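Spelled out from the first residue to the last, the chains are:
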Amino acid sequence: MAPGEKIKAKIKKNLPVTGPQAPTIKELMQWYCLNTNTHGCRRIVVSRGRLRRLLWIGFTLTAVALIFWQCALLVFSFYTVSVTIKVHFQKLDFPAVTICNINPYKYSVVRPLLADLEQETKEALKSLYGLSEIQSRKRREAESWSSAWDDTRPKFLRLVPLLFFDEEEKDKARDFVTGRKRKVSGSIIPKASEVVQVQESRQVVGFQLCSNDTSDCATYTFSSGVNAIQEWYKLHYMNIMAQVPLEKKINMSYSAEELLVTCFFDGVSCDARNFTLFHHPMYGNCYTFNKGDNATILSTSMGGSEYGLQVILYINEEEYNPFLVSSSGAKVIIHRQDEYPFIEDVGTEIETAMATSIGMHLTESFKLSEPYSQCTEDGSEVPVRNIYNAAYSLQICLHSCFQAKMVEKCGCAQYSQPLPPAANYCNYQQHPNWMYCYYQLHQAFVQEELGCQAVCREACSFKEWTLTTSLAQWPSVVSEKWLLPVLTWDQSRQINKKLNKTDLAKLLIFYKDLNQRSIMENPANSIEMLLSNFGGQLGLWMSCSVVCVIEIIEVFFIDFFSIIARRQWQKAKEWWALRQAPPCPEAPPSPRGQDNPALDIDDDLPTFTSALRLPPAPGAQVPGTPPPRYNTLRLERAFSTQLSDTQLPGEP
């Protein structure tokens, strides 16, 4: 070794060893345990006695195992995307209230459009049940079924024939028009409830729908003739009304002045000007209170029936369509101002001659979107076009999806839903196959075969009103003697008849209290909480801090692998140097005593004392010269020529 390298090695040996400069992994670990902030590792090194060291090793390993266990639980809890729910109460505004008469159009106005359908419906009822006469079933069956159709040729019954099935002959049915039995082809689909078990009737009524070429047919049967007649009538009714312009249908329905007799809100009088017209295909003209027009939303000052909405409705039962609706009254739905009122799905019916009180309690829910749930904020992620002029909801998505499938498969839109762009409502003239297509598509929708239920998502935020309904007889026997004449006089401009109690219905809608229950989801775990929990576990079990963690990463991941890489690199360099170096020639033998072969080459120059202690080389003759001088103890075999700085004066 050269003198400079020897000095460097001596200095490094005396200086304290640092992590990256440790020559071996053992020395690195020893340096870490002596200088780390984690007391357990330090106590393992500095403790005296084997028992203490074993105890500290056990304590430290136990703490490390607990840290890994607790941190694993924290990570699992973080990725379970759990939520916490907060419930608080606050005051709120009054919701929107939509009111519809159960009968969509005045029967006296719409009757000319439905005259043929009404006539055939009456004849079908007469043929099946003999409504115009009181006679036994055997006598009705003995009469000619075709006698009712001697003078007229039915149009609707030939298009969608009504059939009478007997349990004894399931594959045959009697036609209402001809009265003859015929074989029923295609599938027979019972429309009875699958949830509620009803006693099967020996005789059922149904109707048959076929495709254009009449090769593919489906027969829908009902356990009651009432349901069969109403469903059959409704199909033809939608076909007829789909061809009537919207303006004409609005004029045929009830106006706000006719429907609303009196109105009070929060103790202040109101009238038809406070209601907004909303035309529903199946319920005609509906009217929405507190729609939020001009960005003005009403609020109530207190809870209770005296501070809510109070209206008296004119039902006018004489104008009811006897085949379309079988009950009298109104329907009401409570919803948000920007929400579409699905009156046919979730509406509450109001009885006539009764006072209906509806107490409300609002619950507002806020859910977290992905990855916590599959809800959507505004429906932009859902691949279904919203055909309603309202905010997104799961119900809107399902109806929009079905209507889109209806236009795609059947070529037209179903009448009870809004009309999509560039589409027309279904009718016989343009789409003769729409009824069969509609029933097949609706059956696939109910069985979730269209994919709408899989695509549509629930809204992340929504409001739900919990309703408590109570009824009372109104007006009472005593008060109707003066109440009905006064109301008749008040409505004399709109109603030209004396009011009866069965023509009226009273409705009260109010908040039971002015507290709103809000359900909010918050992440149970976040990045900040995860790091905080990690720090708590490390500090509890090993008294570590962030600096200590960085130190561990530096020592065990950076220095550890750098030492291994450096040693491997040195070995590779030595191997490559040995492979590339030429073989060294042997030095010529010298008879001089300082060339004793017993002397081994060493990095350090020998001293006088060490030279005397060297053993003689085997088979070599020890020279008989006196002890050499210091400057003669040079080893020249490793050099081809004598160095100039090692020559003696006068030596060649």
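Residues numbered from 1 in each chain as written. Predicted model: local features only at pLDDT ≥ 70, side-chain atom pairs only at ≥ 80, totals over all residues. Heavy atoms only, no water.

The protein chain appears in an unreviewed UniProt entry as Epithelial sodium channel subunit gamma from Prolemur simus. The Sequence similarities (unreviewed entry) field of the UniProt record for the protein chain holds the comment "Belongs to the amiloride-sensitive sodium channel (TC 1.A.6) family. SCNN1G subfamily." (UniProt positions renumbered as here; feature names shortened; annotations may be inferred.)

**Student:** Would you mind going over the overall build of the protein chain with me for this structure?
**Tutor:** Within the protein chain, the regular secondary structure consists of 19 helices and 19 strands. Intrachain contacts of the protein chain at a sequence separation of at least 6 include 71% that bridge at least 24 residues. Of the roughly 39400 Å² of accessible surface on the protein chain, a fraction of 56% belongs to carbon and sulfur atoms. (Helix = DSSP H or I, 4+ residues; strand = E, 2+ residues; numbered from the N terminus. Contact = heavy atoms within 4.5 Å. Areas by Shrake-Rupley, 256 points an atom, 1.4 Å probe, with all protein chains shown as cover.)

**Student:** What is the right way to read the nonpolar core from this model?
**Tutor:** For soluble globular proteins, the rule of thumb is that nonpolar side chains tend to be buried together. Core analysis: the largest hydrophobic core is formed by 102 residues, its most contacted members being Phe207 and Trp434. Not counting residues up to four positions away in its chain, the partners in contact with tryptophan 434 are Leu235, Met238, Asn239, Met406, Cys412, Cys426, Asn427 and Tyr428. Grouped together as the second largest cluster of nonpolar side chains are eleven residues, Ala355, Trp474, Leu487 and Ile495 included. (Core = buried A, V, L, I, M, F, W, Y, C linked by side-chain atoms within 4.5 Å. Buried < 20%, exposed > 50% of the residue type's maximum accessible area, 1.4 Å probe, protein only.)

**Student:** What's the story with the packing of helix H9 (residues 225–241) against helix H14 (residues 434–446) in this structure? I'm lost.
**Tutor:** Pairs of packed helices are described in terms of their axes, by the angle between the two and the distance that separates them. For the pair H9 and H14, the least separation of the axes is 12 Å and the interaxial angle reads 120°. Relative to H14, H9 is oriented oblique. For the pair H9 and H14, the crossing hand works out as right-handed. Between H9 and H14, the residues in contact are Glu231, Leu235, His236, Met238 and Asn239 and Trp434, Met435 and Tyr439, respectively. A breakdown of the residues in the contact of H9 with H14 according to their chemical character gives five nonpolar, two polar and one charged. (Axes fitted to C-alpha atoms, helices over the stretch in contact; angles between N-to-C directions. Parallel < 35°, antiparallel > 145°, perpendicular 65-115°, else oblique. Left-handed = near helix turned anticlockwise from the far one by under 90°. Nonpolar A, V, L, I, M, F, W, Y, C, P; charged D, E, K, R; others polar.)

**Student:** What am I meant to see in the packing of helix H4 (residues 50–79) against helix H17 (residues 527–542) here?
**Tutor:** Here H4 crosses H17 at 165°, and the two axes come no closer than 10 Å. With respect to their mutual orientation, H4 and H17 come out roughly antiparallel. Regarding H4 and H17, the two cross each other, and that crossing is right-handed. Of H17, the residues touching H4 (which contributes Ala63, Val64, Leu66, Ile67, Gln70, Cys71, Leu74, Val75 and Phe78) are Ile527, Leu530, Asn533, Phe534, Gln537, Leu538, Trp541 and Met542. Residue classes in the contact of H4 with H17 are distributed as 14 nonpolar, three polar and no charged.

**Student:** What am I meant to see in the pattern of salt bridges here?
**Tutor:** Between side chains of opposite charge, a pair can form when the charged atoms approach closely. Counted according to the given criterion, the structure contains eight salt bridges. Between glutamate 480 and lysine 501 there is a salt bridge, with its nearest N and O atoms 3.9 Å apart. Linking glutamate 480 in helix H16 (residues 480–490) with lysine 501 in the loop between H16 and strand E18 (504–511), this pair joins segments that are 21 residues apart in sequence. Taken together, the shared-partner salt bridges in this structure form one network comprising Arg111, Glu118 and Lys122. (Salt bridge = Lys/Arg side-chain N within 4 Å of Asp/Glu carboxyl O.)

**Student:** What's the story with the state of the cysteines in this structure? I'm lost.
**Tutor:** In protein structure, a disulfide is the covalent linkage between the sulfur atoms of two cysteines. Tallied over the entire structure, the rule returns seven disulfides. One disulfide in the model links cysteine 100 with cysteine 286; its S-S distance is 1.9 Å. Looking along the S-S bond of the cysteine 100-cysteine 286 disulfide, the torsion reads about 120°, which is the right-handed sense. Linking cysteine 100 in strand E2 (residues 96–101) with cysteine 286 in strand E12 (residues 284–289), this pair joins segments that are 186 residues apart in sequence. Each member of the pair cysteine 100 and cysteine 286 is classed as buried. (Disulfide = S-S within 2.5 Å.)

**Student:** What is the right way to look at helix H2 (residues 25–35) in this model?
**Tutor:** Residues separated by three or four positions in an α-helix point in the same direction, a consequence of the helix having 3.6 residues per turn. Within H2, burial applies to Leu28, Tyr32 and Cys33. Down the axis of H2, the sector holding all buried residues measures 130°, keeping them to one side. (Arc of directions from axis to C-beta.)

**Student:** Could you clarify how one ought to interpret the sheet that holds strand E15 (residues 348–350) in this entry?
**Tutor:** Whether parallel or antiparallel, the strands of a sheet pair through hydrogen bonds between backbone atoms. Read across the sheet, five strands follow the order E11-E12-E2-E14-E15 without closing on themselves; strand pairing throughout is antiparallel. Each having just a single partner strand, strand E11 (275–280) and E15 make up the two edges of the open sheet. Within the sheet, the average angular offset between the axes of one strand and its neighbour, ignoring direction, is 30°. Of the strand pairs in this sheet, E2 and E12 are connected by four bridges, and their pairing is antiparallel. Looking at the pairing, threonine 98 lines up with threonine 288 of E12. (Pairing = 2+ DSSP bridges.)

**Student:** Would you explain the UniProt feature "transmembrane region" (unreviewed entry) in the protein chain in this entry?
**Tutor:** The residues that UniProt annotates with the feature "transmembrane region" (unreviewed entry) are residues 54–79 and 538–564. Taken end to end, residues 54–79 is 100% helix and 0% strand, and its two terminal C-alpha atoms sit 38 Å from one another.

**Student:** Just checking my understanding: could you explain the confidence of the model for the protein chain for this structure?
**Tutor:** Interpreting fine coordinate detail is not advised for predicted regions of low pLDDT. Overall, the predicted model of the protein chain reaches an average pLDDT of 78, with 73% of residues at or above 70. Ignoring residues within four places in sequence, the model shows residues 192–201, a span with pLDDT below 50, making three contacts including any to other chains. Note on residues 598–603: pLDDT under 50 across the span, and eight contacts to partners over four residues away in sequence or across chains. (pLDDT = per-residue confidence, 0-100.)

**Student:** Which parts of the structure should I look at to understand the pairing of E11?
**Tutor:** Looking along a regular strand, one sees side chains alternate from face to face of the sheet. One ladder, built from six bridges, connects E11 with E12; its direction is antiparallel. Pairing of phenylalanine 275 across the sheet is with phenylalanine 289, part of E12.

**Student:** Help me understand the environment of alanine 404, please; the structure alone is not making it clear to me.
**Tutor:** Here alanine 404 lies in helix H13 (residues 394–410). Given a relative accessible area of 42%, alanine 404 falls into the partly exposed group.

**Student:** What is the right way to read the side chain of serine 393 from this model?
**Tutor:** One can find serine 393 in the loop between strand E16 (354–366) and H13. A distance of 3.3 Å separates the side chain of serine 393 from the backbone nitrogen of isoleucine 396, its partner in a polar contact. (Polar contact = N/O pair within 3.5 Å; in protein donor to acceptor, adjacent residues only side chain to side chain.)

**Student:** Please clarify how unusual backbone geometry should be interpreted in this entry.
**Tutor:** Most of the time, phi is negative for any residue but glycine, and the peptide bond is trans. The peptide bond linking glutamate 370 to proline 371 adopts the cis configuration, its omega dihedral lying at 5°. Relative to the elements of secondary structure, proline 371 occurs in the loop between E16 and H13. Here the residue pair tryptophan 474 and proline 475 is connected by a cis peptide bond, since its omega of -15° sits within 30 degrees of zero. When you line up the elements, proline 475 lands in the loop between strand E17 (461–473) and H16. Even without a glycine there, the phi angle at aspartate 266 is positive, about 55°. Mapping aspartate 266 onto the fold places it in the loop between strand E9 (260–265) and strand E10 (268–269). Using a relative accessible area of 21% as the deciding quantity, one classes aspartate 266 as partly exposed.

**Student:** Where do I start with the environment of histidine 442 in this structure?
**Tutor:** Structurally, histidine 442 is set in helix H14. Assessed through its relative accessible area of 32%, histidine 442 is described here as partly exposed. Considered as a pair, histidine 442 and phenylalanine 402 are 40 residues apart in the sequence and their alpha carbons are 8.1 Å apart.

**Student:** Looking at this model, I keep getting lost on H13. Mind explaining?
**Tutor:** An ideal rise of 1.5 Å per residue puts 24 Å on 17 residues; H13 measures up with 24 Å between its terminal C-alpha atoms. Burial in H13 covers these residues: Ile396, Cys397, His399, Ser400, Cys401, Phe402, Gln403, Met406 and Cys410. Those residues of H13 that are buried lie in contact with helix H12 (343–346), H14 and helix H15 (452–455). A positive backbone phi angle near 85° is found at glycine 411, which sits one or two residues after H13. (Expected span 1.5 Å × (residues − 1).)

**Student:** How do you make sense of a nonpolar patch on the surface when you look at a structure like this?
**Tutor:** On the surface, Ile553, Phe556, Phe557, Ile558, Phe561 and Ile564 cluster together into a nonpolar patch covering about 560 Å² of accessible area. Looking at the element boundaries, isoleucine 558 is found in helix H18 (residues 546–580). (Patch = residues over 30% accessible without salt bridge, like charges linked within 9 Å, V, L, I, M, F, W, Y side chains within 5 Å.)

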